[in-house]
Amino acid sequence: MSTHYAWRKLGAAKWEDAWVERLREFSDRLAITTLVGAKTIRLEAFQLTKAQATRLQKNFGGVIAVQKQQRTPSEAVTAPIRVRDRLVVVGSERALAAEKKASPGRRVLLIPAGMAFGTGDHATTASCLRFLADVSDELAGQSWEMLDLGAGSGILALAGRLLGARRTEAGDFDPHAVRTAKENARRNALEGIAVKKLDVRDWHPTRTWDVVAANLFSDLLIEVAPKIVAAVAPGGRLVFSGILRTQESEVIRAFRRAGLRIDRVVRKGKWVSGLATRLATKS
């Protein structure tokens, strides 16, 4: 049996959402414990390779240790996420069966609960789902394709396919996320979805997509904004999220400089999401 490592750190409770975002590549291996009577939280990422654990310690401090026993995140019980009366996201096989029985004609997507990020109930993911539903309404009757950057569980790529995309592609830096997204596509019996390992810092788009979703953290969105925008077809739409309010203006400015028109911005708690259009290039 291969050796696994755990990484642990104490952090301020008020920044819990920010830690979820920073550690999103380890979303289904992340445990966050609230300490009673304290203003701190305990962060723990488990089932890590030595290289992953070392990278976390280098970037964020904390301690690492050999994990003596594998742990699995407990399954969260979440209510179905209803998206614009177009789509329902559920977290269990039981909920899937119940939704299909109650609404036979409705699209239902199963993303197992227990994933700390990407199940649809986080503000960033939920906002992206609603933007996707709106864009799919606008594109009804047309043939369109979608790219999902920072796929996580694959929820946006899968939702895009259910909402009408002819084909969706998804990429994530974390190989475990890639495996999870592929498994979720199989679990939902969805074809026309390609998932691959992709580091947006090293990525250079060779084509464009009608719709691009980029649910990444703020600093990364700012850094690679020109590449993200280059992947959007002229007149196409970008759904972007994962932005803390304190960095909203910087992200918006970076996208505008790269050639986007910001159409809508939604703020929920500490988080900001948006919908934008790539301006047509001048002839």
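Residues numbered from 1 in each chain as written. Predicted model: local features only at pLDDT ≥ 70, side-chain atom pairs only at ≥ 80, totals over all residues. Heavy atoms only, no water.

**Re the nonpolar core**
In summary, soluble globular proteins display a tendency toward joint burial of nonpolar side chains.
Thought 1: Core analysis: the biggest nonpolar cluster contains 35 residues, and Leu87, Val89, Leu109, Leu129, Met146, Leu156 and Leu158 have the highest contact counts within it.
Thought 2: For this core, the secondary-structure elements that each account for two or more residues are strand E5 (81-83), strand E6 (87-90), helix H4 (123-138), helix H5 (155-162), helix H6 (175-187), strand E10 (193-197) and strand E11 (209-215).
Thought 3: Trp203, Ala225, Val232 and Val251 belong to the second largest nonpolar core, which has 28 residues in total. (Core = buried A, V, L, I, M, F, W, Y, C linked by side-chain atoms within 4.5 Å. Buried < 20%, exposed > 50% of the residue type's maximum accessible area, 1.4 Å probe, protein only. Helix = DSSP H or I, 4+ residues; strand = E, 2+ residues; numbered from the N terminus.)

**Focus: the environment of Arg245**
Thought 1: Its location among the elements puts Arg245 in the loop between strand E12 (232-244) and helix H8 (248-257).
Thought 2: Note on Arg245: relative accessible area 42%, which makes it partly exposed.
Thought 3: For the pair Arg245 and Gly269, spaced 24 residues apart in the sequence, the C-alpha separation amounts to 8.4 Å.
Thought 4: In contact with Arg245, not counting residues within four places along its chain, are Arg267, Lys268, Gly269, Lys270, Trp271 and Val272. (Contact = heavy atoms within 4.5 Å.)

**Topic: the sheet that holds E6**
Thought 1: The strand order across the open sheet built from three strands is E5-E6-E7, with neighbouring strands paired in mixed fashion. Each having just a single partner strand, E5 and strand E7 (107-110) make up the two edges of the open sheet. Between one strand axis and the next, the sheet turns by 20° as a mean value, whatever way the strands run.
Thought 2: For E5 and E6, the ladder comprises three bridges, and the chain directions are antiparallel. Of the residues in E6, the one forming a bridge with Arg82 is Val88.
Thought 3: Against the sheet, helix H3 (residues 93-102) makes contact with E5, E6 and E7, and its axis sits at roughly 175° relative to E7, the strand it touches most. (Pairing = 2+ DSSP bridges. Axes fitted to C-alpha atoms, helices over the stretch in contact; angles between N-to-C directions.)

**Some words on the pairing of E12**
Thought 1: Counting buried positions along E12 yields 11 of 13 residues, so the element is predominantly enclosed.
Thought 2: Across six bridges, E11 lies against E12 in parallel orientation. Note that in E12 the partner of Ala213 across the bridge is Val239.
Thought 3: Chirality of the crossover, the property in question, places the unit of E11, helix H7 (residues 218-230) and E12 among those that are right-handed. (Right-handed = clockwise from strand over helix to strand, strands pointing away.)

**Topic: helix H2 (residues 50-60)**
Thought 1: Of all the positions in H2, only Gln52, Ala53 and Leu56 are classed as buried. Looking straight down H2, one finds its buried side chains confined to an arc of 100°; they lie on one side. Across from the buried face of H2, at angles greater than 90 degrees, the exposed residues are Lys50, Ala51 and Lys58.
Thought 2: Elements in contact with the buried residues of H2: strand E1 (4-12), strand E3 (40-48) and strand E4 (63-67).
Thought 3: Two residues or fewer after H2 comes Gly61, characterised by a positive phi angle close to 80°. (Arc of directions from axis to C-beta.)

Coordinates in, geometry out; function isn't part of it.
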